[in-house]
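Structure assessment
Listed below, chain by chain, are the residues.
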Amino acid sequence: MTALAVPKLGTLTPWKRRGIFLAIGLVLVVVAPAMLSGFRLALLGKYLCFAIIAIGIDLAWGYGGMLTIGHGLFFGMGGYCMGMLLKLQEAGPGKLPDFMVWSGVEKLPALWKPFGSPVFALSAAILVPMAVAAALGALIFRRRVRGAYLAILSQALAAAFAILLIGQQGVTGGTNGLTNVTTFMGYDLNDPVNQRSVYLLIAVCLGIMYLLARQIVESRYGRVLMAVRDREDRVRFLGYNPTTVKVIAFAISAGMAGLAGALFVPVVGIISPALVGIVPSIEMVIWVALGGRGTLVGAVLGALVVNYAKTTLSEAYPAGWLYLQGLLFVVVMAFAPKGVAGIAKVLKERFGGRKVPPQPVSHQPAEAAEPAT
Amino acid sequence: MKEASKLKKLWLATLMVLAMLGAACGQKAGDTSATGGTSTDDGDTIKVGLLHSLSGTMAISEVTVRDAEKLAIEQINAKGGVLGKQIEAIEEDGASDWPTFAEKAQKLISVDKVATVFGGWTSASRKAMLPVFERNKALLWYPVQYEGLEQSPYIFYTGATTNQQIVPGLDYLKGQGKKRIFLVGSDYVFPRTANKEIKAYAQANDMEIVGEEYIPLGNQEVATLVNKVAAARPDAIFNTLNGDTNTAFFKEWKTKGIAPDAMPIVSVSVAEEEVRAIGPEFLAGHLVAWNYYQTTDTPENAEFVKAFKAKYGEDKVTSDPMEAGYVAVHLWAAAVEKAGTTEVEAVKRAAAGIEFAAPEGRVTVDGPTQHIYKTARIGLIGPDGLIRQVSGSDGPIKPDPFLRGYDWAKGLT
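Residues numbered from 1 in each chain as written. Chains lettered and ligands numbered in written order. Predicted model: local features only at pLDDT ≥ 70, side-chain atom pairs only at ≥ 80, totals over all residues. Heavy atoms only, no water.

**So, a nonpolar patch on the surface**
Residues L26, V27, V29, V30, V31, M35 and L36 of chain A make up a contiguous nonpolar surface patch of roughly 620 Å² in combined accessible area. Owing to a relative accessible area of 33%, L36 of chain A belongs among the partly exposed residues under this scheme. (Patch = residues over 30% accessible without salt bridge, like charges linked within 9 Å, V, L, I, M, F, W, Y side chains within 5 Å. Areas by Shrake-Rupley, 256 points an atom, 1.4 Å probe, with all protein chains shown as cover. Salt bridge = Lys/Arg side-chain N within 4 Å of Asp/Glu carboxyl O. Buried < 20%, exposed > 50% of the residue type's maximum accessible area, 1.4 Å probe, protein only.)

See below:
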């Protein structure tokens, strides 16, 4: 088995790739806002936030082999940082956010105080998840904890964070979370123009994150990261420190989830523990698995397709949509283990008009992450 | 050969996925055509939204309310509908997830253009939907008792507020000479706010709160809690636990062997449906506070219970939130008839003062608070799983969501 997968950029020339990127960007930034109603545009904005998380998870899991089932934690941290800022802006100076009033809190908790500053809150939304991920990663990757153990540990942390949020109603809003977010940096979120601006902000952030991730995986560092994923021991013998390599990817991945959380709050208006715990964390991994891990486009597609399907299925069949969604997962995993991106690839090879020689399996990280023989 | 069969498989998968998405889109295309109309009065039907959890931890409770609302819609349609048009119910699944409630509420309002929405159960879901309805100036009818201290101009509350349920419950305990109270509740906004109010009441009425404990929603590990309660030896326990934690709590409590009349548990979120789920043998002898029981003796209730069982099965029970959902639909229909339109502001104005002979007795919409006058009833759970009234208010109580009529509640708002 050829272990060290070198990033293969498919058969597209750089110019073609740029063209496709611009075309998709144009659809998201120009066509979608013009065609969709405010409600549907907000939903698309939510999906794009999820796509940012998916890119991050793909970086950690698809390219770094670190299966994390705890990204709800990082997403939630970003979301709560932003939520605290917006709730404070809304309450006005010296006043308490609404939920503290009905929770019987009389003084603004010390934790909340710095979040009145937009600069602090926005940097915290990205840096806090990164710092937590880096600390967690440094602790466990150095012990050479891999595979299921990382998954379990990250999942436990997400669960613990959700329980903490629920238990501290006076500080966090408890099970409700932070609701009724109506302004963003002083702009009224009920105004369709401002709603569109928030959407555009998200679309632009997704584009930047995609390019950033693309740069990372194509860089020298990206190759080392994939090498660590495939054969960590060999990389260590080559003189690299796999711990550092993995911690960096894990922290970037967490930072992306934090950014997605921060963008999610103004577009959806709520951040609650229900978006933080184990179930949403697993869903996030499903997006990437369904989209095709190890391909950035696949991760984005997975997040968009799964969430679009969730919305439309639950609207069309409110009583039975969960079964259909489950069926969708099973079908995709059973027949197309490489996800949507895998299907697209095969279709392109079949009908693309241009014959591509059958690619060795090793280009697919799905195989590469298996225990090496 | 192998490549070819793989390709075939992939094709099959793609087709299946596309077919499913297509099915979903087909439905959606129907929705979009509806957005062409600007008012719900245009068609032959008036659309209303039913937004409850049909999946997840709250589904078991919320489905029963949805069933009662559908019964009311069916009854109104059988009598010719409202404004001469049939009511068409559009259902959405809140999935026991608060942000989903907000999303689906927005969908019902902006895509389906419903005239009103009946929905929610937990206060968390209501708090999530509230900004959506206020932003869109649309109407929500919320059918479950709650913690008060809220009055949205775009929500009608047909369940009890605090002074129609919890305060009468405390008055009853006080009348029975119970002085030492232990508070147990689920960890979310309703129990915490309710307990804040209960503590204020206790302070003013010479009662002592000997303990206050919370358990996260859905948690079943109650042994520690039960031991703490038993060790504190209270005169009574005030229970605001919600969902399946109640099952674990009552089963564990039974092992302590304390007779219900010596140390009664007063529950405010345990109704007939929950009694049936937990098992009457664990609950018999304990108390509940509500506004309606299946046994409530009014001609309207006899009819309601009969109609409900005829539609959904003889083994079904009716409960307070179901009745409140049923009443909400009828009140809305009456307000629309009175206003002559489904336009929200007109319906709100028309709703003030509307009376309805409900299964619980006469109810009246209080215009300024958008809550309704309700009769408070303390009930005793029987070994047969039914609840019988042991004490009640003299008549419907005026809703007072901010407890302005109570001196002890001054510091709460």
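Resuming the write-up.
**Some thoughts on the domain arrangement of chain B**
All names here are of chain B. Looking at chain B, the domain boundaries give domain 1 (2–160 + 318–372) and domain 2 (163–295 + 375–409). If you look at the interface, domain 1 gives 28 residues, while domain 2 gives 29 residues. When domain 1 packs against domain 2, the two sides together hide about 2,500 Å² of surface, and 59% of this comes from carbon and sulfur. Summed over the shared surface of domain 1 and domain 2, the result is one salt bridge. For the pair domain 1 and domain 2, the interface holds 10 residue pairs in polar contact (both at pLDDT 80 or more). Listing elements by their share of the side of domain 1 that touches domain 2, those giving two or more residues are α2 (59–78), α4 (123–136), α12 (320–339), β12 (361–366) and β13 (371–373). Broken down by element, the residue count for the side of domain 1 that touches domain 2 peaks at three residues, all from α12. Classifying every residue of the side of domain 1 that touches domain 2 by side-chain character gives eight nonpolar, 13 polar and seven charged. (Domains from an automatic or database assignment. Contact = heavy atoms within 4.5 Å. Buried area = accessible area lost by both parts, 1.4 Å probe. Polar contact = N/O pair within 3.5 Å; in protein donor to acceptor, adjacent residues only side chain to side chain. Helix = DSSP H or I, 4+ residues; strand = E, 2+ residues; numbered from the N terminus. Nonpolar A, V, L, I, M, F, W, Y, C, P; charged D, E, K, R; others polar.)

**Thoughts on the pairing of strand β3 (residues 116–119) of chain B**
Residues and elements named next belong to chain B. Side chains T116 and F118 of β3 all project onto a buried face; the interleaved residues V117 and G119 project onto the opposite face, where all are buried too. Alignment of strand β1 (residues 45–52) against β3, held across four bridges, turns out to be parallel. Bridge pairing in β3 places L51 opposite G119. Bridge analysis of β3 against strand β4 (residues 140–142) gives two bridges, and the strand direction is parallel. Bridge pairing in β4 links F118 to W141. Handedness of the crossover joining β3 and β4 through α4 is recorded here as right-handed. (Pairing = 2+ DSSP bridges. Right-handed = clockwise from strand over helix to strand, strands pointing away.)

**Here's the deal with the sheet that holds strand β7 (residues 208–215) of chain B**
Residue and element names in this part refer to chain B. As summarised here, the arrangement of the seven strands in space is β7-β6-β8-β9-β10-β14-β15, forming an open sheet in which the pairing is mixed. The open sheet is flanked by β7 and β15 (387–392), the only strands paired with a single partner. For this sheet, the mean angle separating the axes of adjacent strands, direction not counted, is 25°. Where strand β8 (residues 236–240) lies against strand β9 (residues 265–267), three bridges are found, and the strand directions are parallel. (Axes fitted to C-alpha atoms, helices over the stretch in contact; angles between N-to-C directions.)

**Thoughts on the confidence of the model for chain B**
Close inspection of predicted coordinates is inappropriate in any region flagged by low pLDDT. All names here are of chain B. Mean pLDDT for chain B: 90, with 90% of residues reaching 70 or above. Across residues 20–40, where pLDDT falls below 50, the model places 32 contacts with residues more than four positions away in sequence or in other chains. Taken over the whole predicted complex, pTM reads 0.87, whereas the ipTM for its chain interfaces reads 0.85. (pLDDT = per-residue confidence, 0-100.)

**Some words on the environment of L108 of chain B**
Along the chain, L108 of chain B falls in helix α3 (residues 98–110). Residues L108 of chain B and A271 of chain B, spaced 163 residues apart in sequence, show a C-alpha to C-alpha distance of 30 Å.

**Some remarks on the interface of chain B and chain A**
Taken together, the contact pairs 48 residues of chain B with 46 residues of chain A. Linking chain B to chain A there are one salt bridge. For E103 of chain B, the salt bridge goes to K46 of chain A, with nearest N and O atoms at 2.5 Å. Remark: the boundary between chain B and chain A carries seven residue pairs in polar contact (both at pLDDT 80 or more). Elements with a contribution of two residues or more to the side of chain B that touches chain A: α1 (2–34), β2 (86–93), α3, α4 and α6 (189–204) of chain B. The element contributing the most residues to the side of chain B that touches chain A is α1 of chain B, with 18 residues. Tallied by class, the residues present in the side of chain B that touches chain A amount to 25 nonpolar, seven polar and 16 charged.

**Quick notes on the packing of aromatic side chains**
Residues and elements named next belong to chain B. As enumerated under the stated definition, the model contains 23 aromatic pairs over all chains in all. Relative to W141, the ring of F118 has its centre 6.3 Å away and its plane inclined at 35°; by these criteria the two rings are tilted. Here W141 lies in strand β4 and F118 lies in strand β3, a separation of 23 residues in the sequence. Measuring from ring centre to ring centre gives 5.3 Å for Y201 and W408, while their planes differ by 85°; the resulting arrangement is edge-to-face. Pair noted here: Y201 is in helix α6 and W408 is in the segment after β15, with a separation of 207 residues, a long-range link. Members of the aromatic cluster, each reached through a chain of ring pairs, are Y292, F304, F308, Y312 and Y326. We note K348 situated over the ring of Y154; from NZ or CZ to the ring centre the distance is 4.1 Å. (Phe/Tyr/Trp six-rings, centres within 6.5 Å; stacked < 30°, edge-to-face > 60°. Lys NZ or Arg CZ within 6 Å of the ring centre and 35° of its normal.)

**Examining the environment of L327 of chain A**
All names here are of chain A. Inspection of the secondary structure puts L327 in helix α14 (residues 321–335). The exposure class of L327 is partly exposed, given its relative accessible area of 42%. For the pair L327 and I270, spaced 57 residues apart in the sequence, the C-alpha separation amounts to 29 Å.

**Some thoughts on α2 of chain B**
Residue and element names in this part refer to chain B. The terminal C-alpha atoms of α2 lie 28 Å apart, and with 20 residues this matches the ideal 28 Å at 1.5 Å per residue to within 8%. Counting buried residues along α2, 14 of its 20 residues qualify, which places the element largely inside the surrounding structure. Backbone geometry just after α2 places G80 at a positive phi near 105°. (Expected span 1.5 Å × (residues − 1).)

**Description of the side chain of E69 of chain B**
Residue and element names in this part refer to chain B. Among the structural elements, E69 can be located in helix α2. This buried residue, E69, is left without a salt bridge; R66 holds the nearest opposite charge, at 7.2 Å. Not counting residues up to four positions away in its chain, the partners in contact with E69 are L50, H52, F118, P143, G325 and V329. (Lys, Arg positive; Asp, Glu negative; His and termini not counted.)

**Quick look at the packing of α2 of chain B against α12 of chain B**
Residues and elements named next belong to chain B. Look at α2 against α12: their axes get within 8 Å of each other, and the N-to-C directions meet at 35°. Here α2 runs over α12; the crossing is right-handed. Packed against α2, whose contacting residues are T64, V65, A68, E69, L71, A72, I73, Q75 and I76, the element α12 presents P321, M322, G325, Y326, V329, H330 and A333 at the interface. Grouping the amino acids of the contact of α2 with α12 by side-chain chemistry returns 11 nonpolar, four polar and one charged. (Left-handed = near helix turned anticlockwise from the far one by under 90°.)

**Focus on unusual backbone geometry**
Residues and elements named next belong to chain B. You will see that K113, though not glycine, has its phi angle at about 55°, which is positive. Structurally, K113 is set in the loop between α3 and β3. With phi around 50°, K137 is a residue other than glycine that occupies positive phi space. Within the secondary structure layout, K137 lies in the loop between α4 and β4.

**Things to note about the nonpolar core**
Looking at soluble globular proteins, one finds that nonpolar side chains tend to be buried together. Counting 131 residues, the largest nonpolar core has I52, I53 and F75 of chain A together with F238 of chain B as its most contacted members. No other element matches the 17 residues that helix α2 (residues 38–62) of chain A contributes to this core. Aside from chain neighbours lying at most four places away, what touches I52 of chain A is I202, C205, L206, M209, M256, L259, A260 and L263 of chain A. The next biggest cluster of nonpolar side chains, apart from the first, holds 66 residues, and it includes I109, V114, F156 and V347 of chain B. (Core = buried A, V, L, I, M, F, W, Y, C linked by side-chain atoms within 4.5 Å.)

**Some remarks on the pairing of β15 of chain B**
Residue and element names in this part refer to chain B. Of the pairings in the sheet, the one linking strand β14 (residues 377–381) to β15 comprises five bridges and is antiparallel in character. Considered in β15, the bridge of L380 is made with R388. Counted between consecutive antiparallel strands, the loop separating β14 from β15 contains five residues, among which G385 sits at a positive phi close to 90°.

**Focus: the pattern of salt bridges**
All names here are of chain B. In this structure the tally under the stated criterion is 33 salt bridges over all chains. The partner of R126 in a salt bridge is E150, and the shortest N-O contact between them spans 2.8 Å. Taken together, the positions of R126 in helix α4 and E150 in the loop between β4 and β5 (155–157) put the pair 24 residues apart, joining distant regions of the chain. For the pair R126 and E150, a shared accessibility class is recorded, and that class is buried. What emerges from the salt-bridge pattern is a single network uniting R66, D67, K70 and E91.

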